[in-house]
Amino acid sequence: MSALPPHPPERPVIRSAEDIAALVNRGPSGKGHANIIVLLALGGVFLDAYDLTTLSYGIGDVQKHFGLTGSQTGMVAAAMSAGTIVGSITGGWLTDRIGRYAVFMADMACFVIAALVAAAAPTASILILARFAMGFGVGMDLPVAMAFLSEFSKLTGKGSKAGRAAAWCPTWYAASSACFLLVFALNAVVPAGHPDWLWRASLGFGAVPALIIILVRSRYMSESPLWIARHGDLEKAAAILRVTHGVDPVLHITVAPEPEAPPSPFSLLRRPLLPRTLLIIGMKLVSATSYAAIAFGAPSLLATMLHMNRTEVLSVSILLNLVFALTGGLLGVRLTRSFGSRPITLAGYAMQIVGIALLAVIGTPHSYAGIWLVMTGFALFLFAQGFGPGCQQMVYPTLSYPTELRGTGIGFTNFIAGFGGTLTMWALPGLYTSLGTQIFWVILIAPVFGIALHLVLRWEVFGYDADADPALRRVRAEPRSMSAPERLCPSNPMR
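Just so it is clear, the model here is predicted, and its values are computed rather than measured.

### Remarks on a nonpolar patch on the surface
Link 1 in the chain: Together, Leu431, Leu435, Val442, Ile445 and Phe449 line one region of the surface with nonpolar side chains, adding up to about 450 Å² of accessible area.
Link 2 in the chain: Only helix H18 (403–435) and helix H20 (445–456) provide two or more residues apiece to the nonpolar patch.
Link 3 in the chain: Within the element layout of this structure, Leu431 appears in helix H18.

### Some thoughts on helix H13 (residues 298–305)
Link 1 in the chain: For H13, the complete set of buried residues consists of Ala298, Pro299, Leu301, Leu302 and Met305. Across the axial projection of H13, the buried residues extend over an arc of 165°, all falling on one side.
Link 2 in the chain: Positioned one or two residues after H13, His307 has a phi angle of 55°, which is positive.

### Brief notes about the side chain of Asp61
Link 1 in the chain: When you line up the elements, Asp61 lands in helix H2 (residues 34–66).
Link 2 in the chain: Among residues more than four places away in sequence, those in contact with Asp61 are Pro195, Trp199 and Arg310.

### Observations regarding the state of the cysteines
Link 1 in the chain: In the structure shown here, the tally under the stated rule is zero disulfides.
Link 2 in the chain: Free of any disulfide, Cys110 has its nearest cysteine sulfur in Cys179, 18 Å distant.
Link 3 in the chain: Not part of a disulfide, Cys169 finds its nearest cysteine sulfur in Cys391, a span of 5.0 Å.

### Re the pattern of salt bridges
Link 1 in the chain: This model, assessed by the stated rule, comprises eight salt bridges.
Link 2 in the chain: Here Asp96 and Arg100 are joined by a salt bridge, their closest N and O atoms 2.9 Å apart.

### Considering the packing of helix H15 (residues 341–362) against helix H16 (residues 368–387)
Link 1 in the chain: In contact at an axis separation of 8 Å, H15 and H16 are set at 160° when each is read in the N-to-C sense. If you check the angle between H15 and H16, you find them roughly antiparallel. Along this stretch, H15 crosses H16, giving a crossing that reads as left-handed. For the pair H15 and H16, the contacting residues are Ile344, Ala347, Gly348, Met351, Gln352, Val354, Gly355, Ile356, Leu358, Leu359 and Ile362 in the first and Gly370, Leu373, Val374, Thr376, Gly377, Phe378, Leu380, Phe381, Phe383, Ala384, Gln385 and Phe387 in the second.
Link 2 in the chain: Tallied by class, the residues present in the contact of H15 with H16 amount to 16 nonpolar, seven polar and no charged.

### Looking at the packing of helix H4 (residues 100–119) against helix H8 (residues 196–205)
Link 1 in the chain: Between H4 and H8, the shortest axis-to-axis distance is 7 Å and the interhelical angle comes to 170°. Judged by the angle between their axes, H4 and H8 are roughly antiparallel. Contacts between H4 and H8 pair Ala115, Leu116, Ala118 and Ala119 from the former with Trp199, Arg200, Leu203 and Gly204 from the latter.
Link 2 in the chain: Class assignment for the residues of the contact of H4 with H8 results in six nonpolar, one polar and one charged.

### What to know about the nonpolar core
Link 1 in the chain: Within the largest apolar cluster, 129 residues are counted, with the highest numbers of intra-cluster contacts made by Leu127, Ile294, Phe378 and Phe440.
Link 2 in the chain: Looking at this core element by element, the count peaks at 15 residues for H2.
Link 3 in the chain: Discounting residues that sit within four places of it in the chain, Phe440 has contacts with Ile294, Leu301, Met305, Ile356, Leu359 and Ala360.
Link 4 in the chain: With 16 residues, the next largest nonpolar core counts Ile20, Trp227, Ala238 and Ile240 among its residues.

### Considerations on the confidence of the model for the protein chain
Link 1 in the chain: On average, residues of the protein chain carry a pLDDT of 83, and 91% of them reach 70 or more.
Link 2 in the chain: Of all helices and strands in the protein chain, the one with the weakest mean pLDDT is helix H22 (residues 484–488) (33), whereas H20 scores best (94).
Link 3 in the chain: Note on residues 479–495: pLDDT under 50 across the span, and 33 contacts to partners over four residues away in sequence or across chains.

Rules used throughout
Residues numbered from 1 in each chain as written. Predicted model: local features only at pLDDT ≥ 70, side-chain atom pairs only at ≥ 80, totals over all residues. Heavy atoms only, no water. Patch = residues over 30% accessible without salt bridge, like charges linked within 9 Å, V, L, I, M, F, W, Y side chains within 5 Å. Areas by Shrake-Rupley, 256 points an atom, 1.4 Å probe, with all protein chains shown as cover. Salt bridge = Lys/Arg side-chain N within 4 Å of Asp/Glu carboxyl O. Helix = DSSP H or I, 4+ residues; strand = E, 2+ residues; numbered from the N terminus. Buried < 20%, exposed > 50% of the residue type's maximum accessible area, 1.4 Å probe, protein only. Arc of directions from axis to C-beta. Contact = heavy atoms within 4.5 Å. Disulfide = S-S within 2.5 Å. Axes fitted to C-alpha atoms, helices over the stretch in contact; angles between N-to-C directions. Parallel < 35°, antiparallel > 145°, perpendicular 65-115°, else oblique. Left-handed = near helix turned anticlockwise from the far one by under 90°. Nonpolar A, V, L, I, M, F, W, Y, C, P; charged D, E, K, R; others polar. Core = buried A, V, L, I, M, F, W, Y, C linked by side-chain atoms within 4.5 Å. pLDDT = per-residue confidence, 0-100.

Okay, structure coming up:
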């Protein structure tokens, strides 16, 4: 008796944008290159972190090369952070209006040009402008990269939206570690009489990853099928899914869908989104302030507090990033699947309080025990940042907002939080001059505030599908107004 032929798999049917979302949430079939798109998006995050790290070590050489005052040095350090403020609000809005692909490729081109100009800057003014442009590219990239990570990942399980979004953090620390390793290698070959070659070469190298992404874009990158579907083109969305997810859906459209009117950005400041937006802004302000003060300032702080030379500072910075920050980020990604986002964030804040308190109590050490305690404080802060708040600060906005508002939401919250990081980077040299190591008591306020915020706004984002939330469907349908019952009774309340 002959065996029956295998039954052909049933082809999924697409009738609406919700069917596209369901297929994306199910994940790729094993064929297609959705995972490659995710890797390219993480490549953009890698580039963001690399560019933001380049001058965390070389800022002293920049000051000496151009003969800058403390305030002028602060402007150079803060220029990139200031650029992210403008880039975030612009890139977030454009990501939702003209699409993910166009914005992603535009900011890659911005990276190439700005990195090369910064490397060759003949004056401090041109360096500031180039760093501002690099920051603008970073600000544009984060909303679109996070949108790609969410919109090409499944809802649950390995490779979920939350896990992929959390992966931005270990990618960030891998990039900062790579930056320090590159500077360490260059330091061995750059002539002692030309210290400016070191920071110039490290800045210029930032163009390389962007060029690689630009070169492979035509083969692998594509528009988000969710974004295309929400704009009324189900046929094109289905075509993208065939290539990226390896599925062959059947279109069954009785009435041609009308493109959905984009929700008003002011929806972010109305219920049910307002409490989430306030929580996300608070998380980002806490991370931006503490990260700028300790992680970005670590090389200068290590040199001053522990009297380290250039080689020692680079070696310790690499050790802290690879062994503690990167490990914390990888562990945070893994544990998010088991415990959710909120508990991990709270645990990270608690560890940061201990680490910063150690730095504040010890100050400038005068014994080997004090040196080890200071190193422990830096290590604990960086591990906690990667493990908890640093990991989750991008997961929350990525998963809290629907497709039509995802880029705008990420960009808007980054825009607000960017002021905190910029002011910290600008003020840090002067504050350290006036307060010394007592500045750590001021920084300690940040994680304490983070814990208080999460105790008041109890929002758990893990496993949440914003595109399937009925309350947010009403936001799409009525972007400019909501009735009183809708404002008071969202279908998925804060929990």
